[in-house]
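Residues per chain are reported as follows:
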Amino acid sequence: MIGIATTIFWIFLIIFAITAVYSIKDVNFEFGEPQMNIAEDGEMVFSLPINITNRSFYNIGFFNVTTKVSDENGHVIAEGSSSVPFVKSGEKVTATHNMTVNFSDLMQNNQNYLFNDTELKIFTTLGMGVAEVIPVQASTNMSVPWGAPFYNFLLGTPERVAFNSTHAMVTVPVSFENHAFFDITGTMQVQMYNDADLLAGESQTAIDALHYSFYNGYVEFYVPITRLTRTGHFEVYFLTPLFSYGPLVIPYG
Amino acid sequence: MVETADNLKTKLRKFTFKALKATVKGVIFYVIYFVLWTMFLAHAAALVPGLQQIIETFVIVYIVLMVVGELTSGTIYRFFFDAAKALFVIGYLIFSLKGGVIDVSFENVNLLVDLRIFLSIAILLSLLGLAKSVLGAINFMSEKAEYAYV
């Protein structure tokens with residue numbers, strides 16, 4: 001009796017194991033077009049639709065995707081996790097994997113992202129329960145380039161022209177390359193300080209730089225002649241719907 | 001003299017029957033393995049390196065123990081081989097499934113399969129087989145002692 005019972009159990013177990021492994025090939029994952037949305041609070045939400053088609057013999061349980069984005073030092077920049085508790089055999093389910101990045105915080109904490117190209121590390125884990133009882137997990141590491149939105153940001157030599165008897169007009173050329181994957185639309189506010197750290201002039205200009213493009217413009221100041229000095233510094237503030245940053249201190253003279 | 005010849009004939013017939021039974025069992029087991037391999041497992045072998053070798057080694061040893069066990073049926077050795085078969089299954093499953101957690105890497109993708117539930121059930125079934133062999137051996141010895149006493 002024990003022999004017959006164990007044989008029957010063995011047959012069930014072997015058939016179950018083989019069919020479960022075999023039917024993994026009938027589980028299909030399709031990744032849709034990633035989408036980017038900017039929330040009102042300046043957070044950028046990346047959405048990746050995932051279509052799961054389960055044509056296997058068994059249901060899939062605890063499907064989950066986790067993504068972690070970190071910098072070269074291992075500091076976590078963004079993290080996102082999505083899960084589908086159950087995908088029945090023969091069903092198709094669409095899940096959306098969301099990841100939120102607060103660019104404002106990110107760039108305020110590390111100005112490297114604003115002005116220097118770097119690499120980001122993405123760690124993705126995809127897990128599921130084959131036939132709801134066999135946990136399977138696939139994970140991968142990859143590096144993606146990060147393009148700085150204000151790469152090679154330069155304020156040129158100030159050129160002064162007498163405007164009237166009390167004021168002079170100072171023109172400062174501005175240039176940078178937008179290496180980021182998004183367009184930059186916003187304003188750049190520049191404050192000019194003389195060598196006594198007194199505010200000499202203030203100006204702001206609209207910036208509109210398409211991604212992967214070169215920006216060339218200038219800012220103009222009307223500065224009281226009494227406050228004009230050969231040396232000093234600029235304080236630059238960037239205000240865009242995605243992020244705000246400042247002050248960036250650049251000496252002149 | 002006639003009695004000895006008859007005894008030899010009976011022994012030869014018994015052994016031929018055992019050998020035939022062992023061959024049939026071995027062939028059936030191999031055919032089942034072959035069908036399962038070609039239908040299902042060959043696809044998985046492309047993904048898991050060394051799978052074919054692991055399964056073939058298991059099948060060869062299992063068939064050998066099964067055939068030897070069948071040839072020694074009617075003796076105490078049959079139970080030894082049955083117990084060895086059960087212990088081999090337990091040991092080989094633990095060894096080949098790496099304790100139930102298989103970690104395979106393809107380029108920069110790491111795949112982790114947790115087969116601990118499957119392994120636990122398989123070990124329990126093998127332990128049942130081992131218990132059956134031990135009980136069979138005890139029963140065989142007590143029956144033999146009973147006949148000797150009578």
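**Considerations on the overall build of chain A**
So, step 1. Helices and strands together make up the secondary structure of chain A, namely 3 helices and 16 strands.
So, step 2. Here the C-alpha atoms of chain A give a radius of gyration of 28 Å, more than 25% beyond the 18 Å that 2.2 N^0.38 yields for 253 residues.
So, step 3. Relative to its 253 residues, chain A shows a buried fraction of 20%.
So, step 4. The contacts of chain A with a sequence gap of at least 6 include a subset with a gap of at least 24, amounting to 61%.

**Here's the deal with helix 3 (residues 77-96) of chain B**
For an α-helix, the turn length of 3.6 residues means that residues three or four places apart are oriented alike.
Residues and elements named next belong to chain B.
So, step 1. Look at helix 3: 27 Å from first C-alpha to last across 20 residues, which is about the 28 Å you get at 1.5 Å a residue.
So, step 2. Residues of helix 3 that are buried: Arg78, Phe79, Phe81, Asp82, Ala83, Lys85, Ala86 and Val89.
So, step 3. Downstream of helix 3 by a residue or two, Lys98 has a phi angle that is positive, lying close to 50 degrees.

**Looking at the nonpolar core**
So, step 1. A:Met107, A:Leu114 and A:Met192 are the most contacted members of the largest nonpolar core, which totals 25 residues.
So, step 2. Taken domain by domain, the makeup of this core includes at least three residues from each of domain 1 (27-146) and domain 2 (151-252) of chain A.
So, step 3. Excluding residues within four positions of it along the chain, A:Met192 makes contact with A:Val170, A:Ala200, A:Gly201, A:Phe221, A:Val223, A:Gly232 and A:Phe234.
So, step 4. Counting residues in hydrophobic clusters, the runner-up holds 12 residues, among them A:Tyr58, A:Met128, A:Val130 and B:Val113.

**Let's talk about the pairing of strand 8 (residues 134-146) of chain A**
So, step 1. Summarising the sheet, strand 7 (residues 118-130) of chain A and strand 8 of chain A pair through 13 bridges and their orientation is antiparallel. Each bridged residue has a counterpart across the sheet, and for A:Glu119 the counterpart in strand 8 of chain A is A:Pro145.
So, step 2. In sequence, strand 7 of chain A turns back onto strand 8 of chain A through a hairpin of 3 residues, with A:Ala131 there showing a positive phi of about 55 degrees.
So, step 3. As paired elements, strand 8 of chain A and strand 2 (residues 109-114) of chain B share 5 bridges and run antiparallel to each other. Looking at strand 2 of chain B, one finds that A:Gln137 is bridged to B:Leu112.

**Let's talk about the sheet that holds strand 16 (residues 244-252) of chain A**
Residues and elements named next belong to chain A.
So, step 1. Strand order in this open sheet of 4 strands is 13-12-15-16, and the pairing throughout is antiparallel. Pairing within the sheet leaves two strands with one partner each, and these edge strands are strand 13 (199-209) and strand 16. Each neighbouring strand pair of the sheet contributes to a mean axis angle of 20 degrees, computed without reference to strand direction.
So, step 2. Judged from the 8 bridges that link them, strand 12 (residues 184-194) and strand 15 (residues 232-239) form a sheet pairing that is antiparallel. Of the residues in strand 15, the one forming a bridge with Tyr193 is His233.

**A look at unusual backbone geometry**
So, step 1. In the segment running from A:Gly246 into A:Pro247, the intervening peptide bond is cis, with an omega of 0 degrees.
So, step 2. Considering the arrangement of structural elements, one finds A:Pro247 in strand 16.
So, step 3. Despite not being glycine, A:Tyr212 has its phi angle at roughly 60 degrees, a positive value.
So, step 4. Counting through the fold element by element, A:Tyr212 comes out in the loop between strand 13 and strand 14 (213-224).
So, step 5. A count of 12 C-beta atoms within 10 Å places A:Tyr212 in the exposed class.
So, step 6. Unlike most non-glycine residues, B:Lys98 shows phi in positive territory, near 50 degrees.
So, step 7. Along the chain, the position of B:Lys98 falls in the loop between helix 3 and strand 1 (101-106).
So, step 8. On the basis of neighbour counts, which here come to 12 C-beta atoms within 10 Å, the residue B:Lys98 falls in the exposed class.

**Quick word on the domain arrangement of chain A**
Residues and elements named next belong to chain A.
So, step 1. You can read the domains of chain A as domain 1 (27-146) and domain 2 (151-252).
So, step 2. Taken together, the contacts link 10 residues of domain 1 with 8 residues of domain 2.
So, step 3. Of all the elements in the fold, those that place two or more residues in the side of domain 1 that touches domain 2 are helix 2 (103-109) and helix 3 (112-115).
So, step 4. In terms of residues, the side of domain 1 that touches domain 2 owes the most to one element, helix 2, which gives 4 residues.
So, step 5. Taken together, the residues of the side of domain 1 that touches domain 2 sort by class into 6 nonpolar, 3 polar and 1 charged.

**Things to note about the domain arrangement of chain B**
Residues and elements named next belong to chain B.
So, step 1. Domains assigned within chain B are domain 1 (1-71) and domain 2 (84-150).
So, step 2. Put simply, the middle of domain 1 and the middle of domain 2, counted by C-alpha atoms, are 18 Å apart.
So, step 3. Opposite the 8 residues of domain 1 that make contact, domain 2 presents 6 residues.
So, step 4. For the side of domain 1 that touches domain 2, the residue count by class is 7 nonpolar, 1 polar and no charged.

**Considerations on the interface of chain B and chain A**
So, step 1. Opposite the 21 residues of chain B that make contact, chain A presents 21 residues.
So, step 2. Only helix 1 (2-45), strand 2 and helix 4 (116-149) of chain B provide two or more residues apiece to the side of chain B that touches chain A.
So, step 3. A total of 8 residues in the side of chain B that touches chain A trace back to one element, the largest contributor, which is helix 4 of chain B.
So, step 4. Residue composition of the side of chain B that touches chain A, by class: 15 nonpolar, 4 polar and 2 charged.

**Description of the sheet that holds strand 8 of chain A**
So, step 1. With antiparallel pairing, 6 strands are arranged side by side in an open sheet as 5(A)-4(A)-7(A)-8(A)-2(B)-1(B). Only two strands of the sheet have a single neighbouring strand rather than two, namely strand 5 (76-87) of chain A together with strand 1 of chain B. Ignoring which end each strand starts from, the neighbouring axes of this sheet average 15 degrees apart.

What counts and how
Residues numbered from 1 in each chain as written. Chains lettered and ligands numbered in written order. Predicted model: local features only at pLDDT ≥ 70, side-chain atom pairs only at ≥ 80, totals over all residues. Helix = DSSP H or I, 4+ residues; strand = E, 2+ residues; numbered from the N terminus. Rg over C-alpha atoms; globule rule 2.2 N^0.38 Å. Buried ≥ 20, exposed ≤ 12 C-beta atoms within 10 Å, placed from the backbone. Contact = placed C-beta atoms within 7 Å. Expected span 1.5 Å × (residues − 1). Core = buried A, V, L, I, M, F, W, Y, C linked by C-beta atoms within 7 Å. Domains from an automatic or database assignment. Pairing = 2+ DSSP bridges. Axes fitted to C-alpha atoms, helices over the stretch in contact; angles between N-to-C directions. Nonpolar A, V, L, I, M, F, W, Y, C, P; charged D, E, K, R; others polar.

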